[in-house]
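Survey of secondary and tertiary structure
So the chains spell out like this:
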Amino acid sequence: MLVYIEYVLIDNFFIDYMLLKATFSLTANKVGRFRLIICSFLGAIFALILPLISLPLFIMIPIKVLSGLIMVALSVKGKSIRALYKNFVVFLVLTASLGGAIIGIFSLFNISYSTEISVAIMVLPAFLLVKGIVGVIKHLSKKQKEQKYYYKISLSHLGTSVEGVGFIDTGNALYDGDSPVIVCDKAFILKLIGDNFLRLKLKKITIRTINGKEQNSAFKLDSLLIYCGDKPNIYKNVTVCISKGGVGDGYDVILHPALMEGNYSGNSDFKIKKVS
């Protein structure tokens with residue numbers, strides 16, 4: 001029984017530590033490791049003692065919630081009430097998500113989580129689940145923030161037009177002479193080209209990747225439309241570079257930031273000063 005108690009204490013310590021660390025990672029609050037260790041240890045003590053106390057459920061639940069609030073409050077000591085509230089809500093969501101996921105997994109595989117061996121290895125699935133939950137939340141949060149950089153677009157060339165989604169990437173600094181370069185997914189370009197491949201005036205441009213430099217095929221578009229609401233801004237003299245791989249998830253074209261700097265009006269050739 002002593003070993004079982006030690007397992008419970010150790011499991012709850014590491015799980016509380018992971019939940020607190022994940023919480024402050026998601027809320028972008030810096031908390032010292034020593035403070036996290038102390039608060040996690042207090043949480044583990046709470047989790048060990050509470051089941052030994054015979055209390056009605058309607059009293060036990062508020063006590064558990066209060067213990068979580070104390071852990072978060074001690075971790076973010078000196079922060080505002082707003083910061084405490086935000087961190088506490090995230091902590092509760094992560095805790096509930098982790099608990100539900102663990103129960104679901106153990107039920108799915110018909111494993112009893114009350115046995116000594118289950119308690120002994122509990123920290124491993126908890127670690128993987130916390131990493132997975134945090135990864136999904138960060139991915140969704142990033143996508144939501146990127147939405148304001150998504151625009152409806154239309155590419156036209158040799159009498160063919162195709163609509164898609166463009167993403168303004170501030171890291172795109174590609175130029176073809178003085179012409180800004182957009183980067184397109186290969187499958188998306190094939191929709192635009194159709195049977196006109198032999199009529200394309202292809203050239204090679206050099207782009208830098210994480211693996212070094214590479215040569216990609218490119219050509220000048222007849223026109224590019226970027227919609228702000230229902231109103232299209234028409235750009236000419238824009239070079240499109242064909243990506244050898246995909247360009248990203250949720251969009252077809254990586255747009256050049258210069259296209260959104262307000263240096264263009266009307267339907268004439270796109271004019272912009274290249275910044276070296």
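Definitions and limits used
- Residues numbered from 1 in each chain as written.
- Predicted model: local features only at pLDDT ≥ 70, side-chain atom pairs only at ≥ 80, totals over all residues.
- Heavy atoms only, no water.
- pLDDT = per-residue confidence, 0-100.
- Contact = heavy atoms within 4.5 Å.
- Patch = residues over 30% accessible without salt bridge, like charges linked within 9 Å, V, L, I, M, F, W, Y side chains within 5 Å.
- Areas by Shrake-Rupley, 256 points an atom, 1.4 Å probe, with all protein chains shown as cover.
- Salt bridge = Lys/Arg side-chain N within 4 Å of Asp/Glu carboxyl O.
- Helix = DSSP H or I, 4+ residues; strand = E, 2+ residues; numbered from the N terminus.
- Buried < 20%, exposed > 50% of the residue type's maximum accessible area, 1.4 Å probe, protein only.
- Arc of directions from axis to C-beta.
- Polar contact = N/O pair within 3.5 Å; in protein donor to acceptor, adjacent residues only side chain to side chain.

**Quick look at the confidence of the model for the chain**
With 87% of its residues at a pLDDT of 70 or more, the chain shows a mean pLDDT of 82. Confidence drops under a pLDDT of 50 for residues 263-276, and excluding neighbours within four residues, the segment shows 27 contacts in the predicted structure.

**Some details on a nonpolar patch on the surface**
On the surface, Phe 34, Ile 38, Leu 42, Phe 46, Leu 66, Ile 70 and Leu 74 cluster together into a nonpolar patch covering about 600 Å² of accessible area. Elements supplying a minimum of two residues to the nonpolar patch: helix H2 (33-49) and helix H3 (57-75). Per element, the largest residue contribution to the nonpolar patch is four residues, and it comes from H2. Take Phe 46: its relative accessible area is 30%, and that puts it in the partly exposed class.

**So, helix H7 (residues 186-193)**
Turning to H7, its buried residues are Phe 188, Ile 189, Leu 192 and Ile 193. Down the axis, H7 shows its buried residues gathered within 135 degrees of arc, on one side only. Structural note: H7 exposes Leu 190 and Lys 191 on the side pointing more than 90 degrees away from its buried face. Two or three places before Ala 187, at the start of H7, stands the capping residue Asp 185, its side-chain oxygen 3.0 Å from that residue's backbone nitrogen. Within two residues after H7, Gly 194 carries a phi angle of roughly 60 degrees, on the positive side.

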